[in-house]
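Next come the chains, spelled out residue by residue.
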Amino acid sequence: MLRTHTCGELRKADSGKDVYICGWVQGVRDKGSLLWIDVRDRYGITQVTVETEKADAAIVDVARSLGREFVVSVSGKVNERYSKTDKIATGEIEIYPDKITILNKAAIPPFTIEENTDGGDELRMKYRYLDLRRESVRKNLELRHRLAIETRNYLDSQHFLEVETPVLIKSTPEGARDFVVPSRMHPGQYYALPQSPQTFKQLLMVSGFDRYYQIVKCFRDEDLRADRQPEFTQIDCEMSFVEREDILNTFEGLIRHLFKSVKGIDIPALPRMSYEHAMRYYGNDKPDTRFEMHITEMKSLDTVSVFSAGFKVFDDAELVAGICVKGCANYTRKQLDELTEFVKRPQISASGLVYVRCNEDGTVKSSVDKFFGEEELKKWAVHFQAASGDLILILAGPEEKTRKALSELRLEMGTRLGYRDKNKFSCLWVIDFPLLEWNEGDPNLPESMRGRWVAKHHPFTSPSKEDVTIVQQMAAEKRGESLAKRNSGMEFRVPNANAYDMVINGVEVGGGSIRIHDKELQQNMFTVLGFTPEEAEKQFGFLLNAFEYGAPPHGGIAFGFDRLCSLFGGADSIRDFIAFPKNNSGRDVMIDSPSEISDEQKGELFIQNATTEKK
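Below: a short report on this structure. Source: prediction; values computed, not measured. (Residues numbered from 1 in each chain as written. Predicted model: local features only at pLDDT ≥ 70, side-chain atom pairs only at ≥ 80, totals over all residues. Heavy atoms only, no water.)

1. Considerations on the pattern of salt bridges
Summed over the entire model, instances satisfying the criterion amount to 48 salt bridges. The salt bridge partner of arginine 403 is glutamate 399, with a shortest N-O separation of 3.2 Å. Note that arginine 403 and glutamate 399 are positioned in helix H11 (residues 399-416) at a spacing of 4 residues, about one turn of the helix. Given a relative accessible area of 37%, glutamate 399 falls into the partly exposed group. Through salt bridges with shared partners, a single ionic network connects Asp121, Arg124, Arg128, Asp131, Arg134 and Arg575. (Salt bridge = Lys/Arg side-chain N within 4 Å of Asp/Glu carboxyl O. Helix = DSSP H or I, 4+ residues; strand = E, 2+ residues; numbered from the N terminus. Buried < 20%, exposed > 50% of the residue type's maximum accessible area, 1.4 Å probe, protein only.)

2. Here we look at helix H9 (residues 333-343)
Listed as buried for H9 are Leu336, Leu339, Thr340, Phe342 and Val343. Projected onto a plane normal to the axis of H9, the buried residues spread over an arc of 160° and lie on a single side. What points out from H9, more than 90 degrees from its buried face, is the exposed set Arg333, Lys334 and Glu341. Among the structural elements, strand S14 (354-358), strand S16 (391-397) and H11 are those in contact with the buried residues of H9. (Arc of directions from axis to C-beta. Contact = heavy atoms within 4.5 Å.)

3. Description of the packing of helix H4 (residues 135-157) against helix H6 (residues 244-263)
Remark: H4 packs on H6, axes separated minimally by 10 Å, with the N-to-C direction vectors making an angle of 135°. With respect to their mutual orientation, H4 and H6 come out oblique. The two elements H4 and H6 cross, and the hand of that crossing is right-handed. Within the contact between the two elements, H4 uses Leu143, Arg146, Leu147, Glu150, Thr151, Tyr154 and Leu155 and H6 uses Thr250, Phe251, Gly253, Leu254, His257, Leu258, Ser261 and Val262. Partitioned by chemical class, the residues of the contact of H4 with H6 number 8 nonpolar, 5 polar and 2 charged. (Axes fitted to C-alpha atoms, helices over the stretch in contact; angles between N-to-C directions. Parallel < 35°, antiparallel > 145°, perpendicular 65-115°, else oblique. Left-handed = near helix turned anticlockwise from the far one by under 90°. Nonpolar A, V, L, I, M, F, W, Y, C, P; charged D, E, K, R; others polar.)

4. A word on the sheet that holds strand S21 (residues 507-514)
Taken in spatial order, the 8 strands of this open sheet run S6-S9-S10-S22-S21-S20-S17-S11, and their pairing is mixed. If you trace the sheet from one side to the other, it starts and ends with strand S6 (161-162) and strand S11 (272-274), each paired once. Pairing of S6 with strand S9 (residues 211-219) involves 2 bridges; the strand directions are parallel. When the sheet's bridge partners are listed, glutamate 162 is paired in S9 with tyrosine 213. Docked against the sheet, helix H7 (residues 275-282) engages S11 and strand S17 (427-431), running at close to 80° with respect to S11. (Pairing = 2+ DSSP bridges.)

5. A word on the environment of aspartate 41
Mapping aspartate 41 onto the fold places it in strand S2 (residues 34-41). Overall, aspartate 41 belongs to the buried group, its relative accessible area being 6%. Remark: the alpha-carbon pair of aspartate 41 and glutamate 135, spanning 94 residues in sequence, is separated by 9.5 Å. Excluding its chain neighbours within four sequence positions, the residues that come into contact with aspartate 41 are Arg3, Thr6, Cys7, Gly8, Cys22 and Trp24. In terms of polar contacts, aspartate 41 uses its side chain to reach the side chain of arginine 3, at 3.4 Å. (Polar contact = N/O pair within 3.5 Å; in protein donor to acceptor, adjacent residues only side chain to side chain.)

6. Examining helix H14 (residues 519-528)
For H14, a buried count of 7 out of 10 residues is recorded, marking the element as mostly surrounded by other parts of the structure. Within H14 the residues assigned to the buried category are Leu521, Gln522, Asn524, Met525, Phe526, Thr527 and Val528. Along its buried surface, H14 packs onto strand S18 (436-439), strand S19 (452-455), helix H12 (468-478) and helix H15 (533-547). Backbone nitrogen of glutamate 520 and a side-chain oxygen of the N-cap are separated by 3.2 Å at the start of H14; the cap is aspartate 518. Remark: glycine 530 follows H14 within two positions and exhibits a positive phi of approximately 95°.

7. So, the pairing of strand S4 (residues 71-80)
Two strands pair when backbone bridges link them, and strand S1 (residues 18-30) and S4 are joined in this way by 7 bridges, in the antiparallel orientation. Bridging across to S4, aspartate 18 finds its partner in lysine 77. Bridge count for S4 against strand S5 (residues 93-104) is 10 bridges, and the pairing is antiparallel. Following the sheet pairing, glycine 76 is matched in S5 by proline 97.

8. Let's talk about the packing of aromatic side chains
Scanning all chains against the criterion turns up 20 aromatic pairs. When the centroid spacing of 4.4 Å and the interplanar angle of 25° are considered together, the rings of phenylalanine 259 and phenylalanine 568 count as stacked. In this pair, phenylalanine 259 sits in helix H6 while phenylalanine 568 sits in helix H16 (residues 561-569), placing the two residues 309 residues apart along the sequence. The pair formed by phenylalanine 259 and phenylalanine 568 is uniform in burial state, with each residue classed as buried. Ring geometry for phenylalanine 314 against phenylalanine 372: centres 6.0 Å apart, planes inclined by 40°, an arrangement best described as tilted. Of this pair, phenylalanine 314 sits in helix H8 (residues 312-315) while phenylalanine 372 is found in the loop between strand S15 (364-366) and helix H10 (374-383), placing the two residues 58 residues apart along the sequence. Its relative accessible area of 3% is what places phenylalanine 372 among the buried residues. (Phe/Tyr/Trp six-rings, centres within 6.5 Å; stacked < 30°, edge-to-face > 60°.)

9. Some remarks on the side chain of glutamate 94
Within the element layout of this structure, glutamate 94 appears in strand S5. The side chain of glutamate 94 sits in the buried core without any salt bridge; arginine 81 is the nearest counter-charge, 4.7 Å away. At 3.1 Å, the side chain of glutamate 94 and the side chain of glutamine 47 are in polar contact. A distance of 2.5 Å separates polar atoms of two side chains, one belonging to glutamate 94 and the other to threonine 49. With near-sequence residues (within four places) excluded, glutamate 94 lies in contact with Gln47, Thr49, Lys77, Val78, Asn79, Glu80 and Arg81. (Lys, Arg positive; Asp, Glu negative; His and termini not counted.)

10. Describing the nonpolar core
Formed by 38 residues in total, the largest nonpolar core has its most connected members in Phe251, Trp429, Ile504, Phe559 and Leu564. Considering each element in turn, this core owes the most residues, 7 residues, to H6. (Core = buried A, V, L, I, M, F, W, Y, C linked by side-chain atoms within 4.5 Å.)

11. Brief notes about the sheet that holds S15
Spatially, S12-S13-S16-S14-S15 is the arrangement adopted by the 5 strands of the open sheet, whose pairing is antiparallel. The open sheet has two free edges, formed respectively by strand S12 (296-297) and S15, since each of these has just one partner strand. As judged from the 2 bridges shared by S12 and strand S13 (residues 319-325), these two strands associate in the antiparallel manner. Each bridged residue has a counterpart across the sheet, and for threonine 296 the counterpart in S13 is glycine 322.

12. Points about the pairing of S1
The pairing of S1 with S2 spans 6 bridges and is classified as antiparallel. Considered in S2, the bridge of glycine 27 is made with aspartate 38. As consecutive antiparallel partners, S1 and S2 are separated by 3 residues, and within that stretch glycine 32 has a phi angle of approximately 90°, a positive value.

13. A few points about the state of the cysteines
Two cysteines, two sulfur atoms, one covalent bond between them: this is a disulfide. As enumerated under the stated definition, the model contains 0 disulfides in all. With no disulfide of its own, cysteine 22 has cysteine 7 as its nearest cysteine by sulfur position, at a separation of 7.8 Å. Residue classification places cysteine 22 among the buried positions, given a relative accessible area of 11%. Here cysteine 358 stays unpaired: no disulfide links it, and the sulfur of cysteine 324, its closest cysteine neighbor, is 6.6 Å away. (Disulfide = S-S within 2.5 Å.)

This is the structure we're talking about:
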């Protein structure tokens, strides 16, 4: 070894020792009679002090030739520092060198490799290997490592086996778009990179591996944002002979173990919330429960008249609802105008904002005073449980769009008022999701997935026990079978899924379901989703065939490992916790990927040389 100690471990107790350290030059300060060299490695920084009048001239010459990021080795004696600092762990000592060796010189880095760097995102991603030298980025990867270790420790203690599944698999039409890989040995045929190991982990259950997990790389060709990358990592898990409660208890145990072992935080038992409740009171299915501020509906209220007052915005609306913001009745007109502009942004696209001030003197004033009298507005205040000093913010419009807008407004107010503390954690399970959702024509989905039922989670999710008959009914209708009795006059409704999501601080960190393990029910599900028997057999025949050989009841969950890391690290972007991430365009600007391949490679893969323009 070229070193006896790292740059982060020497302390006052080591004074007098002869040591060797290696690292990168963080900086050099030359005061004439004294030279200070900060040497850095991933463990910390150690100060090397050269007394120019006492030290060997060769050492002084080498010390004065050093530049930032030079790689050096230093041998010398540890001394207690006269001027100590608590800013670094080694702040009580310094090394007086008897030899400094330059192991490698370095060009001037394109940005300062310090916490307050002058490099922008793109520049730091281009030189990611330099960015990784910064302490905050290094700590992010250390946190990721610790989470992975503790995940494996917990799952091993619960008798899970880590099993690797294939990376080159078959393309399937559900979910996001696949990344595909042309096959040289099979001209005109393609592998797909897995969006998840879903079918393989179900096959492992059929194989008798009753507890499986994998910290696995997955791939989705979808539009990117702060919490998405084209390649990402999941904690992927599956269990046999279980019901929903078994899954929830096991993986609630995992998340509590991670918080305790990694952050030293005791998380209480996770509450359960239905999908319907989440949508009604929070406007989305991943509610941030660090603060209250529930959505309150007004349209169905008998005691409060919001209609027939000549206010067309309310009269034409499917939904009139709002939030009560405690203590904000003193918001200025400028602040209210900012909120109005916020909800009118294209990403939210509300038509406008109605506000009601519950003033400290007991009066109630609003932006719609010309339509509603004060007595009417006081009834609104009672309905919103608003006290003196509170502000009510109301939106109106199409139901789905208005709920989404209110959700965004609620989160914005939570941020402005400091309710969304990154050091506070609120975890819960969201359950009782719809099994299906109707897709009218999302342009982001393949054409085959438009104007039909699509799976809310994925096509292998089991309906709730009570709703199995609804799936059978829908499949029969799809096949055109005679249904005169229609299950004793049963009214159609969207069946519920035996599915669940774990949400932390308004972020979905994990999702899963009890799976379909009966071949007939799985065939019915494929039928409801618009697969012909031939298409189902072509795409998923291997799974249907496996079900004929004794598939146990099973279910599982997958956690977004990158998202967990960012939550534990108090960051908004998962990129900070990935060693070599892609940018917002899905490019690796460091290695310039994706890139063209040679005509020779194209020929070997039977790919036409001409680039087909998108039409």
